[in-house]
Amino acid sequence: MRKKIVAGNWKMNMNLQDGIALAKELNEKLQNNTPNCEVVICTPFIHLASVAQVIDQSVVGLGAENCADKESGAYTGEVSAAMVKSTGAQYVILGHSERRGYYGETPAILKEKVLLALKNGLKVIFCIGESLEEREANKQNEVVKMELEGSVFNLSEEEFKNIIIAYEPIWAIGTGKTATSDQAEEIQAYIRSIIANKYGKAVADDTSILYGGSCKASNAAELFAKPDIDGGLIGGASLKAADFLGIVDAWK
Ligand code: PGA
């Protein structure tokens, strides 16, 4: 059975001390109040090694927000999948629309990143989703299909089992404008159907597909009640323990 997951994406927020404090607080509260889903926090690279020391990863999983498309070597400023793994992190977000849009990450680059992440034993939270113009032109299905085909449908069935999909419509990220639960369900059911066409129904049924984009405590329960929404990838509302735990509680 596929996992229910609530994952935080801290983005470029919080200094080291604030990040450690938030991770500690989440770990303590979740230890005392066992959630009905897996909880993961994805932090800036700089936080990973320290956060790994203050959390129990059977309570709160840890991930990075990116990794390099190269194994090692003269790539100033880059952080490899092996380095991420060596901090104790178990996950990495790849393909976030902010990486695609602001840093020119193409499907071909993302394909390399995914392969290196998997080779180093990381689970990948792979983000896909359409822009407002694409949604208005009713091209959302085409877009998510191309994003999957471009970067993860080359994987073997065994490899694909380590992929978590996050559907994040770009027009809903950080805008306060959430997709309706029906809109999200419609496309997430479509995403599951194309995974089934590629890898078979059993694999598709076991793949966690998260929704991301202005997900918060007040709308999470309605979103998570949909059959093809297996949790959320949370940006803004992952930066305060009470907000984030309010979303985790939506699974109760
Ligand atoms: P948001 O971000 O929750 O702030 O909209 C989600 C994301 O970008 O992963």
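Use the structure listed above.
To keep things clear, this report deals only with the structure shown in the data block. (Residues numbered from 1 in each chain as written. Predicted model: local features only at pLDDT ≥ 70, side-chain atom pairs only at ≥ 80, totals over all residues. Heavy atoms only, no water.)

Some remarks on the site of the ligand
So, step 1. Inspection of the region around the ligand gives 13 residues, with Lys11, His96, Glu168, Gly174 and Ser214 positioned closest.
So, step 2. Per-class residue counts for the shell around the ligand are 4 nonpolar, 7 polar and 2 charged. (Near = heavy atom within 4 Å. Nonpolar A, V, L, I, M, F, W, Y, C, P; charged D, E, K, R; others polar.)

Overview of the state of the cysteines
So, step 1. Scanning all chains against the criterion turns up 0 disulfides.
So, step 2. Here Cys215 is not cross-linked by a disulfide; its sulfur's nearest cysteine counterpart is in Cys37, at 11 Å.
So, step 3. With a relative accessible area of 5%, Cys215 lands in the buried category. (Disulfide = S-S within 2.5 Å. Buried < 20%, exposed > 50% of the residue type's maximum accessible area, 1.4 Å probe, protein only.)

A word on the sheet that holds strand β7 (residues 209–212)
So, step 1. One closed barrel holds the 8 strands; their spatial order is β1-β2-β3-β4-β5-β6-β7-β8, and the pairing between them is parallel. Across this sheet, the average inter-strand angle for adjacent strands is 25 degrees, counted without regard to direction.
So, step 2. Sheet topology places strand β3 (residues 61–64) next to strand β4 (residues 91–94); 2 bridges connect them, and they run parallel. Paired with Gly63 across the bridge in β4 is Tyr91. (Pairing = 2+ DSSP bridges. Helix = DSSP H or I, 4+ residues; strand = E, 2+ residues; numbered from the N terminus. Axes fitted to C-alpha atoms, helices over the stretch in contact; angles between N-to-C directions.)

Side note on the packing of aromatic side chains
So, step 1. A complete count under the given rule lists 5 aromatic pairs for this structure.
So, step 2. Ring centres of Phe160 and Tyr199 lie 4.4 Å apart, and the angle between their planes is 20 degrees; on these two criteria the pair is classed as stacked. Taken together, the residues Phe160 in helix α8 (residues 157–160) and Tyr199 in helix α9 (residues 181–199) connect sequence positions 39 residues apart.
So, step 3. Judged by its relative accessible area of 0%, Phe160 falls in the buried class. (Phe/Tyr/Trp six-rings, centres within 6.5 Å; stacked < 30°, edge-to-face > 60°.)

With respect to the packing of helix α11 (residues 217–224) against helix α12 (residues 241–248)
So, step 1. Here α11 crosses α12 at 20 degrees, and the two axes come no closer than 8 Å. Looking at the two axes, α11 sits roughly parallel to α12. For α11 against α12, the interelement crossing comes out right-handed. Contact residues: Ala217, Ala220 and Phe224 in α11; Asp243, Gly246 and Ile247 in α12. (Parallel < 35°, antiparallel > 145°, perpendicular 65-115°, else oblique. Left-handed = near helix turned anticlockwise from the far one by under 90°. Contact = heavy atoms within 4.5 Å.)

Some points on the pattern of salt bridges
So, step 1. Within this structure, the stated rule accounts for 17 salt bridges.
So, step 2. Glu147 is the salt-bridge partner of Arg100, the closest N and O atoms lying 3.8 Å from each other. Of this pair, Arg100 sits in helix α4 (residues 97–102) while Glu147 is found in helix α7 (residues 140–151), placing the two residues 47 residues apart along the sequence. With respect to burial, Arg100 and Glu147 carry one shared label: buried. (Salt bridge = Lys/Arg side-chain N within 4 Å of Asp/Glu carboxyl O.)

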